[in-house]
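Each chain, written out:
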Amino acid sequence: MNIDLNKYIPNKLPSAPGELTLGDKLSPFMESAKEWFEKWFCNLSLIAPPEENEDGDLEDAEGALPEDDLLRKVPVNEMAMRIIVMEAYRMAVPQLDLVLTANGFATVDSKNVVPASKARTDRLLEGLQEEIDRNIIVLLYRLRTIPEWLESEQADFFRRTLFINPEATKYLKTPDALGIKSSWEIYLKLIPQIEELEDSLADEWFSPELMMNLRKEMLSGEIEGVRKSVAIKIQNQVIAFFEKGDFKTRRLQEILNIIRYDNKNFPEWINSETALAFYPPKFKNKKDSPGYFF
């Protein structure tokens, strides 16, 4: 991958004659980082430079987080490359020489400088991971505006639950997440549990058909109105489960009442097997019926 590392790695010191450049040192890690990125997020061939509007904002930036306005002006392919380089750098840090300069950490290509301490190196790793996490969150908001991405295998992973972005992990309090600082790593850890909880709610209350469509709409960003309200209420029940270890039946009943009395907005539910449990067949006193009386 031929890229300008200076755009992504600050305070890079020049290499001495005969020494490997930083690019050479990162080369094997770049390929691994690219494979990691394409496994979880998208194939780089899918991302094309987006068009800009009159204000210089990217047309596909709708949905990016307000606190990350600066990232709204970064093309999706540029953001992807930033994540890949930072991930490669994070993987390579333990094998690189680093030094703390007046302007922050620097990569040492010369043996004439004393490397940074382990504590400072660890802080660099944490900083890199935080920046990767921040970019991942915004990247996912941007990717969902690409129709081809919504049909990809990577999108299928984020469609597994109503929690379509690591941003939501800050609301999930669980022992499994203790000691993990990366929102992306927490997300990977919790998704199987979240999926299981949502599936149980779907089977008992809201129907698998409705849950599947709500997940699709949440990822695409096309969900709105009462359907979005119901999806958020279900999310809140999952969050409450992580906090207290159980669901609140009264709250679930309130959500169900919204669904069952609004066939126009929730046609999947009324036609599901789950709905049958809430509409038992009525007994008709016919001569050929068991229990006939006169």
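None of the values given here were measured: they were computed from a predicted structure. (Residues numbered from 1 in each chain as written. Predicted model: local features only at pLDDT ≥ 70, side-chain atom pairs only at ≥ 80, totals over all residues. Heavy atoms only, no water.)

Tell me about the confidence of the model for the chain, and please be specific about residues and values.
On average, residues of the chain carry a pLDDT of 80, and 68% of them reach 70 or more. In this model residues 51-67 is a low-confidence stretch, pLDDT under 50, and it forms 31 contacts with partners more than four residues away in sequence or in other chains. (pLDDT = per-residue confidence, 0-100. Contact = heavy atoms within 4.5 Å.)

An account of helix α9 (residues 225-244) is requested, with residue identities and associated values reported.
Think of an α-helix as turning once every 3.6 residues; residues three or four places apart then point the same way. Its 20 residues give α9 an end-to-end C-alpha distance of 29 Å, which sits within 8% of 28 Å, the value for a rise of 1.5 Å per residue. Residues Arg227, Val230, Ala231, Ile234, Gln235, Gln237, Val238, Ile239, Ala240 and Phe242 constitute the buried set of α9. Looking at the buried side of α9, the elements it contacts are α7 (183-206), α8 (208-220), α10 (249-260) and α11 (267-270). Positive phi shows up at Gly245, right after α9, with a value of about 85°. (Helix = DSSP H or I, 4+ residues; strand = E, 2+ residues; numbered from the N terminus. Expected span 1.5 Å × (residues − 1). Buried < 20%, exposed > 50% of the residue type's maximum accessible area, 1.4 Å probe, protein only.)

Tell me about the environment of Trp40, and please be specific about residues and values.
Residue placement: Trp40 occurs in helix α1 (residues 22-40). Under the relative-accessibility criterion, Trp40 is labelled buried at 18%. Separated by 114 residues in the primary sequence, Trp40 and Gln154 place their C-alpha atoms 5.6 Å from one another. The residues touching Trp40, leaving out its near neighbours within four places in the chain, are Gln154, Phe157, Phe158, Trp184 and Leu188.

Can you explain the nonpolar core? Please cite residues and give values.
Judged by nonpolar contacts, the single largest core of 72 residues is most densely connected at Phe41, Trp149 and Phe206. Once residues lying within four places of it in the same chain are set aside, the contact partners of Phe206 are Leu201, Ile234, Leu252, Ile255, Leu256, Ile259, Trp269 and Thr274. (Core = buried A, V, L, I, M, F, W, Y, C linked by side-chain atoms within 4.5 Å.)

Which residues make up the side chain of Arg159, and what are the values?
You can see Arg159 is positioned in the loop between α6 (153-158) and α7. By relative accessible area, Arg159 is classed as buried at 17%. Polar contacts involving the side chain of Arg159 include one to the side chain of Asp156, which spans 2.4 Å. (Polar contact = N/O pair within 3.5 Å; in protein donor to acceptor, adjacent residues only side chain to side chain.)

Which residues make up the side chain of Glu268, and what values do they have?
Along the chain, Glu268 falls in helix α11. A polar atom in the side chain of Glu268 sits 2.8 Å from the side chain of Arg227. With residues up to four places along the chain from it excluded, the contact list for Glu268 reads Ser207, Glu209, Leu210, Asn213 and Arg227.

Go over the pattern of salt bridges with me, naming the residues and quoting the values.
Overall, the coordinates contain 13 salt bridges when judged by the stated rule. The partner of Glu217 in a salt bridge is Arg227, with the nearest N and O atoms 2.9 Å apart. One end of the pair, Glu217, is in helix α8; the other, Arg227, is in helix α9, and ten residues separate them in sequence. Under the relative-accessibility criterion, Arg227 is labelled buried at 11%. The partner of Arg250 in a salt bridge is Glu254, with the nearest N and O atoms 3.2 Å apart. You can see Arg250 and its partner Glu254 sitting in helix α10, four residues apart, about one turn around the helix. A relative accessible area of 56% places Arg250 in the exposed class. Given a relative accessible area of 35%, Glu254 falls into the partly exposed group. What you see here is one network of salt bridges that share partners, running through Glu198, Asp199 and Arg215. (Salt bridge = Lys/Arg side-chain N within 4 Å of Asp/Glu carboxyl O.)

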